[in-house]
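# Coordinate inspection notes
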Amino acid sequence: MDCGNELKRLGLREGCIKNKEYKNKYFFAFLIGITCVFSIFYARYSTYSESRSTGDIQKHTLVAEALFEDNVDDDNPFFPKHAYAYPAYHFSQKIVRFVLCVDYETAAAFVLTGSIIIAVLLYRQLALMIMWEGAVCNRYLADLLAIGSVLFETARCPLNDWRYYQLQCAANPFHNPTIIFVRPFAIASFIFFNQYVKTYELGNRYKYAVLFSITTLFSVSAKPSYAIVFLPSMGIYTLYYVIWNRRWKFAVEAFIAVLPSLILLILQQGWMSAHTEAVNMRIKFGFFWEQTEFCTWQELLHAVLGASIVTFPVVILLFRIYFMRKDSFYAISIIALAIGWFQMFFLTTGIAGDFSWGYDLAVQFATLISLSEIEWHNDCRRKRRFVNYAAYGIFGYQIITGIRYLWLIYTTDAFWI
């Protein structure tokens, strides 16, 4: 028996609904605070380095400056020429600069802060779609999860030698502008695909298919990292859905919806192969092998497993096959996390760690969804309740780690720590 539903049937959770009234002023107060924090952070971080070749934001600002310009020195070894293949962020930065009459660094701060705020709003909606939206306590929880999702990092401990980012990357790579920019499109694409799944038997599924197609295409134009992790995950889930429900038309419609994005991915691949070495991909366990002092495979394996455990401990703790069978949100996010993990540790294009970004998004999605699922499927067993509370506690610690990491980047300009 689902104890959460049984409690609702008996009216034991009615206090959450009748005796309280949800007040969104607290959420918007936190949202304003987050806006101020990231505005100050990016206003400083986008101009922090004296040399504009040292940071990701500075490098991508060079691309924004070069768009639609004739006299461009793209032979600079620090110039990220491959970013021409996904110019949405750089185009947005250039437009904001033109409209507001500000410098490129200020425009970057506007674009990135706005992207984070939109991501919080979309994460909030995603959490509410999974939980019971009518309960006031769930609405407050969705607020906290949404804000925490743009802040949390690893659960630093001896398993990863107390690192923040080095060797393992992190759920929120604050220093990388294109992954921050693509995230709202990624969340929207994820939501629309799952809504398409859930409304397939109804008459309004086509609007979700169209919206999924559009947002996924925009995400690819902003950064292909989301697509190369989540589209395979959605493909696997589509295969499961078709076999289980015998709805072959579902696969055809899903393929049509994703076809524009696949074409753009092929074009991006072709352009980068012809003009850059950014897709010089290798299969190699432990992408950071050449960057460290590891002497044996045992040491490397220990480091990889430790980094994995502290990066998504909540997902590991709350994993349940039941959720995989019952909810497309959960199933797709877990499959995407597995695919992202494989890409992170087995594929490499060099020291840039380009295959880590989709993994970072998958960690965010899977963590938020896991925490939302346990609230909806509230289990009455004492042991399960203890595990659930432990997961929330660990997530809180990860948020504290993220805030600390953000402060260290702000004060030192160093993210590889």
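Summarised in this report is the structure supplied together with it. As the structure is a computational prediction, the values presented were derived from the model and not from experiment. (Residues numbered from 1 in each chain as written. Predicted model: local features only at pLDDT ≥ 70, side-chain atom pairs only at ≥ 80, totals over all residues. Heavy atoms only, no water.)

### Points about the packing of helix α3 (residues 56–66) against helix α4 (residues 88–100)
Between α3 and α4, the shortest axis-to-axis distance is 8 Å and the interhelical angle comes to 70 degrees. On the basis of the axis angle, α3 is roughly perpendicular to α4. Relative to α4, α3 is oriented so that their crossing is right-handed. Along its contact with α3, which presents His-60, Thr-61, Val-63, Ala-64 and Glu-65, the element α4 presents Tyr-89, His-90, Gln-93 and Lys-94. Classifying every residue of the contact of α3 with α4 gives 3 nonpolar, 4 polar and 2 charged. (Axes fitted to C-alpha atoms, helices over the stretch in contact; angles between N-to-C directions. Helix = DSSP H or I, 4+ residues; strand = E, 2+ residues; numbered from the N terminus. Parallel < 35°, antiparallel > 145°, perpendicular 65-115°, else oblique. Left-handed = near helix turned anticlockwise from the far one by under 90°. Contact = heavy atoms within 4.5 Å. Nonpolar A, V, L, I, M, F, W, Y, C, P; charged D, E, K, R; others polar.)

### Description of the packing of aromatic side chains
Tallying each qualifying case throughout the model produces 44 aromatic pairs. Aromatic side chains Tyr-200 and Phe-250 sit 5.2 Å apart centroid to centroid with 80 degrees between the ring planes, which places their arrangement in the edge-to-face category. Of the two residues, Tyr-200 is situated in the loop between α7 (177–198) and α8 (205–222) and Phe-250 in helix α10 (residues 248–275); the sequence distance between them amounts to 50 residues. For the pair Tyr-200 and Phe-250, a shared accessibility class is recorded, and that class is buried. Centroid distance Phe-342 to Phe-346: 4.7 Å. Interplanar angle 10 degrees. Geometry classified as stacked. Here the residue Phe-342 and the residue Phe-346 both occupy positions in helix α14 (residues 328–346), the gap between them amounting to 4 residues, near one helical turn. Judged by relative accessible area, Phe-346 falls into the partly exposed class, the value being 22%. Here the aromatic residues Phe-38, Phe-41, Tyr-42, Tyr-45, Tyr-164, Tyr-165, Phe-174, Tyr-405, Trp-407, Tyr-410, Phe-415 and Trp-416 are joined through ring pairs into a cluster of three or more. Over the ring of Phe-27 we find Arg-124; its NZ or CZ atom is 3.9 Å from the centre of that ring. The ring of Tyr-22 has Arg-139 lying over it, and the distance from NZ or CZ to the ring centre is 4.4 Å. (Phe/Tyr/Trp six-rings, centres within 6.5 Å; stacked < 30°, edge-to-face > 60°. Buried < 20%, exposed > 50% of the residue type's maximum accessible area, 1.4 Å probe, protein only. Lys NZ or Arg CZ within 6 Å of the ring centre and 35° of its normal.)

### Let's talk about the nonpolar core
Counting 111 residues, the largest nonpolar core has Tyr-42, Leu-126, Phe-190, Phe-230 and Met-234 as its most contacted members. At 14 residues, the largest contribution of residues to this core is made by helix α5 (residues 104–130). In this structure, Tyr-42 is in contact with Ile-57, Ala-109, Leu-112, Thr-113, Ile-116, Phe-174 and Ile-180, ignoring residues within four places of it in sequence. With 8 residues, the next largest nonpolar core counts Leu-62, Ala-66, Phe-79 and Ala-83 among its residues. (Core = buried A, V, L, I, M, F, W, Y, C linked by side-chain atoms within 4.5 Å.)

### Quick look at the side chain of Asn-194
Position of Asn-194 relative to the elements: it lies in helix α7. Here the side chain of Asn-194 touches Phe-190 through a polar contact of 2.7 Å, landing on its backbone oxygen. If we ignore the near neighbours within four places in the chain, the residues touching Asn-194 are Ser-328, Phe-329 and Ile-332. (Polar contact = N/O pair within 3.5 Å; in protein donor to acceptor, adjacent residues only side chain to side chain.)

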